[in-house]
Amino acid sequence: MAQSNASGVIFGNAGDVPGATVHLQNVNTGQSRDITVEANGRYRATSLPVGTYTVTLKRDGQVVGSRENVQVRVGSGTDVSFDAAASEGSAKTLEGITVVGSALPAIDVSSVDSRTVLTSEQLAKLPLARDVTAAALLAPGTVQGDSRYGNVASFGGASASENQYYINGYAVTNALTGLGFTSLPYDAIDQQQIYTGGYGAEYGRSTGGVINVVTKSGGNTWKAGVGLHATPDALRSTPKSVYRKDGQLYQNRGDNENTVMQYTGYVSGPLVKDKLFLYAAADFTRTSGKSTGSILTPQSTDEVSKAKKWLAKIDWNITDSHILQFTGLSDQTDTDRTVYKYSYANQSRGDLIGTDTLKNAASLAGSAPGGSVYVGKYTGYLTDNLTVNALYGTSKTTHRRTLAYATNPNCPWITDSRSGITNPIVGCGLVGGTVLGPGANDKTHGWRLDVEYQLGSHDLRAGLDTQTLESTSGNQYEGGYRWRYRSVRADGLFPGRPDASVPAGTQYYVENRTFITGASVKVEQEAQFIEDRWQISDRWMAYLGLRNEQFKNINGAGDVYVKQRHQLAPRLGATWDVFGDSTFKVYANAGRYHLAIPSNVAIRGASASLYSSQYYTYNGVGPNGEPLNLVPFGSKIYLNGEDGTDLNPRTVAAQDIKAYYQDEYILGFDKAINNDWSFGAKATMRKLKSSIDDFCDSRPFEKYAARNNIDITNASIPGCYLFNPGVPNTFLVDVDGQGNLVPFKLTMEDFTTPAGVAFPPLKRKYYSLDLYLEHHFDERWFARMEYTFSRSYGNSEGQLKSDIGQLDPSVTQDWDAPEIMQYANGPLPNDRTHQLKTYGFFQLNKEWLLGANVAIASGRPKNCIGFDRVDAIQYGASYFECNYEPAPRGSRGRLPWTFKADLNAQYRPLWAGAGQNLAFSVTVFNLFNSQKTLSQVDGGEDPANDYQRPLAFQTPRYVQFGVTYDFSL
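Since the model is a prediction, treat every value here as computed from it, not as a measurement. (Residues numbered from 1 in each chain as written. Predicted model: local features only at pLDDT ≥ 70, side-chain atom pairs only at ≥ 80, totals over all residues. Heavy atoms only, no water.)

What to know about unusual backbone geometry
The backbone of Ser47 sits at a positive phi, close to 55°, despite the residue not being glycine. Residue position: Ser47 is located in strand S4 (residues 42–48). On the basis of relative accessible area, Ser47 is assigned to the buried category, the value being 4%. The backbone of Tyr884 shows a phi angle near 60°, a positive value even though the residue is not glycine. One can find Tyr884 in the loop between strand S53 (881–882) and strand S54 (885–886). (Helix = DSSP H or I, 4+ residues; strand = E, 2+ residues; numbered from the N terminus. Buried < 20%, exposed > 50% of the residue type's maximum accessible area, 1.4 Å probe, protein only.)

Concerning a nonpolar patch on the surface
The grouping of Trp534, Ile536, Trp540, Leu544, Leu572 and Trp576 at the surface amounts to a nonpolar patch, some 560 Å² of accessible area in total. For the nonpolar patch, the secondary-structure elements that each account for two or more residues are strand S35 (540–554) and strand S36 (560–577). Of note, Trp534 is situated in strand S34 (residues 519–535). (Patch = residues over 30% accessible without salt bridge, like charges linked within 9 Å, V, L, I, M, F, W, Y side chains within 5 Å. Areas by Shrake-Rupley, 256 points an atom, 1.4 Å probe, with all protein chains shown as cover. Salt bridge = Lys/Arg side-chain N within 4 Å of Asp/Glu carboxyl O.)

Quick notes on the sheet that holds strand S14 (residues 189–197)
Ordered in space as S9-S14-S15-S12-S13, the five strands form an open sheet in which the pairing is mixed. The two strands at the open ends of the sheet, each matched to only one other strand, are strand S9 (114–119) and strand S13 (170–171). (Pairing = 2+ DSSP bridges.)

Quick word on helix H4 (residues 699–707)
Of the residues making up H4, those classed as buried are Arg699, Pro700, Phe701, Tyr704 and Ala705. Those residues of H4 hidden inside the fold are in contact with strand S44 (693–695), strand S45 (721–723), strand S46 (729–734) and strand S47 (741–746). Once H4 finishes, Asn709 follows within two positions and takes phi at roughly 55°, a positive value. (Contact = heavy atoms within 4.5 Å.)

Quick look at empty space enclosed by the protein
Inspection of the entire model under this criterion finds 13 cavities of 30 Å³ or more. Volume-wise, the largest cavity comes out at about 240 Å³. As for the largest cavity, its lining consists of 24 residues, and the residues nearest its centre are Gln164, Asn174, Gly178, Leu469 and Gln525. Going through the elements one at a time, strand S30 (458–473) and S34 are the ones with two or more residues in the lining of the largest cavity. Grouping the constituent residues of the lining of the largest cavity by class yields 10 nonpolar, 12 polar and two charged. (1 Å grid on protein atoms, 1.4 Å probe; cavity = no way out; pocket = protein on both sides within 12 Å on 5 of 7 lines; lining within 4 Å. Points joined across faces, edges and corners; volume = space filled by probe spheres on them. Nonpolar A, V, L, I, M, F, W, Y, C, P; charged D, E, K, R; others polar.)

Description of the state of the cysteines
One pass over the structure, following the stated rule, counts three disulfides. The residue that forms a disulfide with Cys411 is Cys428, at a sulfur-sulfur distance of 2.0 Å. The chirality of the disulfide connecting Cys411 with Cys428 is left-handed, given an S-S dihedral of about -110°. One end of the pair, Cys411, is in the loop between strand S26 (400–405) and strand S27 (413–416); the other, Cys428, is in the loop between S27 and strand S28 (434–436), with 17 residues separating them in the sequence. We classify Cys411 as buried; its relative accessible area is 0%. Look at the protein and number its bonded cysteines as they come in the sequence; the links are 1-2, 3-4, 5-6. (Disulfide = S-S within 2.5 Å.)

As structure tokens, this is what we get:
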């Protein structure tokens, strides 16, 4: 019953049939296996390619029972028993009598994990956006991540960068940040598996969830197909415009346009019958639209995006015992933007500003994954009891962003944050933020080897798993620097800058900031695992697993700055087949899960970077928005100590830093009501035990040095250190600036400020209760209803900070100083207390099918984030305080509940042929056009009056039309 991340299992009881064998044959490819039935009547066939099988029980060469239409699902076990007590309609008296049946138990009693598996048939019939994330959001406990991170999901309260994504067994997660993944043609998906917890020792590097895709394969019949899916702008509802709390229009979205045309095709068949098979598919998606920027960036943009995806897969059944598989796929997106000035006074478009060209790059979440992936896999059934799986894969992604201005050769980022300004200063820039530096790319390569051996009632499995992630990346301000116009405070003070002062009567000043990062970095990940699925009796199975992981992070200079070994992750579980017939399962599991520091940390946190600030007075503004007649005041400072020099790799992280890891406990049951209905419940508890982030406060070092009489007058102390939050840490400090490293063993008292503010213990907890009711597909209809009650709470979201949409996994502003963690405990951004998900489809008749997908959820917690009186690290409005009073996390209530209903209809006319290969479809997304606020600005003391301004709404109603035609060649 062991299963890998690209195959499945058939197991069962053959009854009292001495000397019998079970013959399994893949209906599509003809590949077959024969398994000898054990003395106790049980058999197990592992590492089976997914697909449809015929399972036949034989004795002395004679067929005595068979089961057809047996579906093998990825990572799952299917019980095919021939004992009458185990399965209605199957054979028990086996004297040459053949009994054929197709009804199989719907409950997998061989698994201890929590998963949702969707087949290509279900994906085609359900009203889903044609992407992997939309399908993943059907699983219980999953929520849409913050819109600023792109189209990603959060699993079980974890941040959206803590997931792992696989295609045909190879990890395709974003190599730089962990946000997102390399995608594939949607119609190439054969099965999509969504693990929401409890996964076995073969999986690691995830404290959120696992999305595992197995693609289609060719068979013994040549087939091909083409399709068109169109989403016209004319049938898209108008998105809500954005208003500030005082009613002022912030962003006009009433003129937005968006049209999507997707062209698809595939070909599949035998290159050599029964031996060598091809499957190839491609998507081309053209998205064209128009949008209007905010009053701070008054622009009107025409955008055309072209996404090209292809996949080719070769399956070679060398013999029935040796299988080779090769997969190549590509995911490339090119976006062209033409940007014009926009007048909010006239609500009209003005002169051309310039063009913005992107390749595999995203404005919100940094570098998008994209790229090309190649995977080779071997499966060998060396004996009935010994199976070997070996895999090797590589990927490469190139990212580019090119700006071209219509007027000025250089256009820096201009921000007008002055209070009470109705006509803000606007520059000539296109982006108004940071842009991707030159030469950005990601590369990965990795391999794994699994050996499985069945020893009596023990299914033993051991494996090696390694992957190396390499990234060249960096960011800088558009135009090389940023000007921020600001108002002088009424008290004339500049918090954190005591040397700064201006002449009396000065109303405004301007800040110049320069920000440049860039490096080529690497993360090396290795793991070993061993597991035993022990069939203690016919009704009890125990799972015992252990994973050992090693992580090595390397900075831009090629030096190791964090090395973690012996990260032991035990996994334990048990299932009880209560009645022995796979109709009632009780299961439990407990496990530990580790996560490496993502590559992006080294770009800024362990490599040279520059981040400077200088204040000026001015008395004019140039045509490109830059201030004129500048007079500096105060000193130029380097924020976070980032002065552009290389960092000593031994000083950027705490010594013996513990890995990021989480413990999880699950208890649940699944119960079949009859052949058509089942229900179940599951309780989950997750606790983040250790986190990795950075802190940027020199006071603990000063306190330690004073207590231990260490002179640090000339010390070289980085602006920020990586550490384990909430516990004592030891750091190496260059006390004289000459490389003389001295250990500073900082206690929790050292981290405590002079005012008595201390770092709290790390806290992120998640608990949930999932309830479901399912009607299995009976050739007529399928439906599933899920209700989840959950709480995700603590003082740290994890690797991300959705409160402000920070795009720096594992180096967020959380933990940068004790004051910033005051009042931080409460419901976390991914907390949705109540969720109800219902989806399914109904076959009205041979020609018509209807589908529905309804999701209801309670809203996200709201905060008020403002200024701290001390602001020792000069972060401004970044604290859970408003008006210098405590404003605990989540204390400002909740955003509204959301409701979304998607409906579809499919028509397969009989007049087009008996095979009904021609299909027409229409899908209405968000039928009732609900546009509730999904996130808001939580900055309660933002001088621009942006508090509670919506950041994202539900996507307005839109309609997608589709037509596909499949034909045999």
